[in-house]
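# Analysis of the macromolecular model
Listed below are the residues making up each chain.
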Amino acid sequence: MAQFDDTPFPGTESRAVLVSTIGVVGAGQMGGGIAQVAAASGLTVVLVDASLDLAERGKARVASVLGKQVDNGKMTAEAREALLAKIRCAGGPADFKECDFVIEAATEAIELKIAILKQCDAALAPGKWLASNTSSISLTKLAAATSRPERVIGMHFMNPPPLMKLVEIVRAVQTSDETYELTRALAERMGKKTTTTRDAPGFLVNRILIPMLCEACFALQEGVGSAEDIDTGAKLGLNHPMGPLELSDLIGLDTVLAIADVLHREMGDDKYRAPTVLRNLVAAGWLGRKTGRGFYVYDDKGNRALARV
Ligand code: NAD
């Protein structure tokens, strides 16, 4: 069992804290990646999705990613096995009884997240913590749906969690200083840098990013340039590592649309409205890399070609 350090929290009551087992809800690209990062930092992980089968499929994707690292000589086969052994799949949040801290990373929809957080709240022992990896949804609303609002916080990992350094920590209005300090220390233990934001639509990172992604969609639907023109422009002209349309495909177009709709509704400003081309792709079920088609089409190996949108 890995022991969380017991350094007194600066400015808060000094106390020892033990976080050795983490629950993760949602075994998609973010939940799987968070489970991987947590296990790599020595934590035991209980991974759930809408069913045991989906949780196991999520773990299988982690196993496949780690398999490539073994093939490339970046990890030993023993280290891969040891990491995977720390991730246990389970049927649902009712299996979180032994968990010290839960990170919810299910689909970006408020009703779903509230229902999941209520289940986690009912399963977790008193005094334990609940975090959401939401990209945009109000942590204050999520916290208010639980019996432990002062122990609820946003822990917004970037995609993909094993590679991206940042965790944006979002304080709900109700979040206690102790919960905040614990979460920050936990993120650091998982090898991440943190930035802190108040609870506002899209927080900081997506408040900046999503309007840019939507603007790229507007340029595409107005015929200003092709998807490749737009992505090349951003990469070579702005020095971005990825263009906005390929990044949208990586994030998941359903997630981009859900965040844009939260920003639009909560900010009440039409500058955040979602473009039709994005709505149409989501309506068609073309959600980007995770479905093999979005602004681009992808083969099994992830190679891409231009799609008709
Ligand atoms: P995803 O579509 O890859 O995975 C979502 C997972 O949630 C799926 O496995 C789905 O089966 C599961 N799920 C749906 N209903 C569920 C239920 N009732 N109980 C348990 N699991 C359920 O999406 P993702 O990209 O992993 O996004 C997950 C969360 O992370 C969202 O809140 C999203 O906004 C946030 N996020 C995404 C990114 C990104 O770039 N994709 C970055 C940061 C944060």
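Residues numbered from 1 in each chain as written. Predicted model: local features only at pLDDT ≥ 70, side-chain atom pairs only at ≥ 80, totals over all residues. Heavy atoms only, no water.

### Digging into the packing of aromatic side chains
Using the criterion set out here, one finds zero aromatic pairs in the structure. Seen from the ring of tyrosine 296, arginine 304 lies directly overhead, with NZ or CZ sitting 4.1 Å from the centre. (Phe/Tyr/Trp six-rings, centres within 6.5 Å; stacked < 30°, edge-to-face > 60°. Lys NZ or Arg CZ within 6 Å of the ring centre and 35° of its normal.)

### Observations regarding the site of the ligand
Taken together, 24 residues surround the ligand, and among them Asp49, Glu108, Lys113, Ser135 and Ile251 come closest. Threonine 107 has a polar backbone atom sitting 3.4 Å from an oxygen atom of the ligand. Burial of the ligand by the protein amounts to 84% of the accessible area it has alone, namely 830 Å². It is helix α4 (residues 110–123) that contributes the most residues to the shell around the ligand, three residues altogether. Of the residues that constitute the shell around the ligand, the class distribution is ten nonpolar, ten polar and four charged. Viewed by domain, the shell around the ligand spans two of them, domain 1 (12–198) and domain 2 (207–307), each represented by three or more residues. (Near = heavy atom within 4 Å. Polar contact = N/O pair within 3.5 Å; in protein donor to acceptor, adjacent residues only side chain to side chain. Areas by Shrake-Rupley, 256 points an atom, 1.4 Å probe, with all protein chains shown as cover. Helix = DSSP H or I, 4+ residues; strand = E, 2+ residues; numbered from the N terminus. Nonpolar A, V, L, I, M, F, W, Y, C, P; charged D, E, K, R; others polar. Domains from an automatic or database assignment.)

### Focus on the domain arrangement of the protein chain
Assigned domains within the protein chain: domain 1 (12–198) and domain 2 (207–307). Across the boundary between the two partners, domain 1 contributes seven residues, which contact eight residues of domain 2. Here domain 1 meets domain 2 over a buried area of about 610 Å², counting both sides, of which 56% is carbon and sulfur. Contact with domain 2 buries area across many residues of domain 1, yet Gln29, Glu108 and Ser136 alone supply 53% of it, more than any other trio. Between domain 1 and domain 2 we count one salt bridge in total. Put simply, lysine 141 and glutamate 266 hold a salt bridge, and the shortest N to O gap is 3.4 Å. (Contact = heavy atoms within 4.5 Å. Buried area = accessible area lost by both parts, 1.4 Å probe. Salt bridge = Lys/Arg side-chain N within 4 Å of Asp/Glu carboxyl O.)

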